[in-house]
Amino acid sequence: MLAAMMRRFLALALFAAMLAVAPQARAQAQGRTAAAPVLVELYTSQGCFSCPRANRLLGELSRDPGILALTFPVGYWDYLGWSDTFAQPEFTSRQRDYARTLRFRGPYTPQLIIGGVRQVSASDWDESRAALQEVQAEPAPAAENPTLSITRVDGGRVRVNIGSRPGHSGAADIWLVAYDPGPLTVFITTGENANRNVTHYNVVRRVTRVGAWSGAALWFERSRCSPQCAVIVQAPRGGRVFAVAATRRAND
């Protein structure tokens, strides 16, 4: 009898402790989400049979306020019969940098790059979400990750503010990204996706290296970046993403 009562008491105490910790854990997770969104990049092609479904996954991820999900269309499957209408050579170059840094065999589609530190095939939604959760759960290196914001100012310009991190070592690239939230639908007439409508979300139109950051606070302005604009602070040649931010849409 006494042993049973002790077991019941311990079970109740453990349950109460879990209830006490849960709100704190949720608050910490919410604070991390609000302060440090994770960059998710989808490398996709209109000439890739598996890519339309991966595009839908990216669309779902784009609705999460703790994620900045961007689509980078590539054109190396154009020889299969359809030329991707959004692909640009610099997107393929960016993917190749990741291949060298993350040590995978070479560019492929559909591929997710998460935070600049993890890659996974976007064909498998479960594996993709698991990889994303693992990156989100990793503690942020506070000595390296700066605060970051991007806002619109007069004349359609954007202003970027990057906070100081004296503990940061080495220079990081600053990328300005113009993207179209979409959804953008293209009807494919030839190739592996012939006679299909392929829909895209957060399609990158232009990605430009605008400077470097070495740990000191800085700010700058740039001319119109539309329809939407994001800024990425990242280790060179496809390395870890230290911070990312995007302009707010009118209905956000």
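It should be noted that the structure appears before, not after, this text.
Reading guide: rules and limits
Numbers given to residues run from 1 along each chain, matching the order in which its sequence is written. The predicted origin of the model limits local features to residues at a pLDDT of at least 70 and limits the giving and counting of side-chain atom pairs to 80 or more, whereas totals for whole chains, interfaces and linings rest on all residues. Heavy atoms throughout the structure, all of them, feed into the side-chain values; hydrogens and water do not. Runs of H or I in DSSP of at least four residues are treated as helices and runs of E of at least two as strands, each being numbered from the N terminus. Relative accessibility thresholds used throughout: buried, under 20% of the residue-type maximum; exposed, over 50%; partly exposed, between the two (1.4 Å probe, protein chains only). Residue contacts are defined here by distance: any two heavy atoms, one from each residue, within 4.5 Å place the two residues in contact. Per-residue and other accessible areas were derived by the Shrake-Rupley procedure at a 1.4 Å probe size, with only the shown protein chains allowed to occlude residues. Grid points spaced at 1 Å over the protein atoms alone were grouped into cavities, where a 1.4 Å probe fits but cannot get out, and pockets, open sets with protein on both sides within 12 Å along at least five of seven lines, with lining residues defined by an atom within 4 Å of a point. Grid points are joined across faces, edges and corners, and a volume is the space filled by probe spheres set on the points. Pairing of aromatic side chains here covers Phe, Tyr and the six-membered ring of Trp, requires ring centres within 6.5 Å, and sorts the geometry by plane angle: under 30 degrees stacked, over 60 edge-to-face, intermediate tilted. Note: two strands are recorded as paired if DSSP finds a minimum of 2 bridges between them. Axes here mean lines fitted to C-alpha atoms, for a helix over just the part in contact, with angles spanning 0 to 180 degrees between N-to-C directions. To count as a disulfide, a pair of cysteine sulfur atoms needs to be within 2.5 Å. By this rule the span expected of a helix is its residue count minus one, scaled by 1.5 Å. Each direction from the helix axis to a C-beta atom contributes to the arc, which is the arc of those directions.

K.L.:
Lay out the overall build of the protein chain with the relevant residues and their values.
P.N.:
Of regular secondary structure, the protein chain possesses four helices and 13 strands. With 252 residues in all, the protein chain has 42% of them scored as buried. Within the protein chain, contacts between residues at least 6 apart in sequence are counted, and of these 68% link residues at least 24 apart. Within the structure as shown, the protein chain displays about 13,300 Å² of accessible surface, and the carbon and sulfur contribution to it stands at 54%.

K.L.:
Tell me what's going on with empty space enclosed by the protein, and back it up with residues and numbers.
P.N.:
Inspection of every chain in the model, using the stated rule, returns one cavity of 30 Å³ or more. Considered as a void within the structure, the largest cavity measures approximately 30 Å³ in volume. Around the largest cavity sit V40, L57, L61, L112, I114, S128, R129 and L132, which together line it. Secondary-structure elements contributing two or more residues to the lining of the largest cavity are α2 (51-61), β3 (111-114) and α4 (125-137). Tallying contributions element by element places α4 first for the lining of the largest cavity, with three residues.

K.L.:
So what's going on with the packing of aromatic side chains? Which residues, and what values?
P.N.:
The description of an aromatic ring pair uses the distance of the two centres, along with the angle that the planes make with each other. Applying the stated criterion across every chain, the model contains six aromatic pairs. Between Y43 and Y98, the aromatic rings sit 6.5 Å apart at their centres with planes inclined by 70 degrees, giving edge-to-face as the arrangement. With Y43 in strand β1 (residues 38-44) and Y98 in helix α3 (residues 89-102), this residue pair connects regions lying 55 residues apart in the sequence. You'll find Y43 and Y98 in the same group, each marked buried. Plain terms: the ring middles of W77 and Y79 are 6.2 Å apart, the flat faces sit at 45 degrees to each other, and that makes the pair tilted. Accessibility expressed as a relative area gives 63% for Y79, which makes it exposed. Taken together, the ring pairs in this structure connect Y43, F72, F91 and Y98 into an aromatic cluster.

K.L.:
Residues and numbers for the sheet that holds strand β5 (residues 148-152), please.
P.N.:
Reading across from one edge, β5-β6-β11 is the order of the three strands in this open sheet, with antiparallel pairing throughout. Of all the strands in the sheet, the pair left with one neighbour each is β5 and β11 (218-222). For this sheet, the mean angle separating the axes of adjacent strands, direction not counted, is 15 degrees. By the bridge criterion, five bridges tie β5 to strand β6 (residues 158-162) in an arrangement that is antiparallel.

K.L.:
Lay out the state of the cysteines in plain terms, naming residues and giving numbers.
P.N.:
Disulfides are covalent bonds that link the sulfur atoms of two cysteine residues. A full pass over the atoms with the stated rule returns one disulfide. Each sulfur in the disulfide pair C225 and C229 lies 2.3 Å from the other. Taking the sign of the S-S torsion, about 85 degrees here, the bridge from C225 to C229 comes out right-handed. Like C229, C225 is buried.

K.L.:
I'd like to hear about α3, residue by residue, with values.
P.N.:
In a regular helix each residue adds 1.5 Å, so 14 residues correspond to 20 Å; α3 covers 20 Å between its end C-alpha atoms and thus fits that length. For α3, the full list of buried residues reads F91, T92, R94, Q95, Y98 and A99. On an axial view of α3, the arc spanned by its buried residues comes to 155 degrees, and they lie on one face. Exposed side of α3, more than 90 degrees from the buried face: P89 and R100 are the residues found there.

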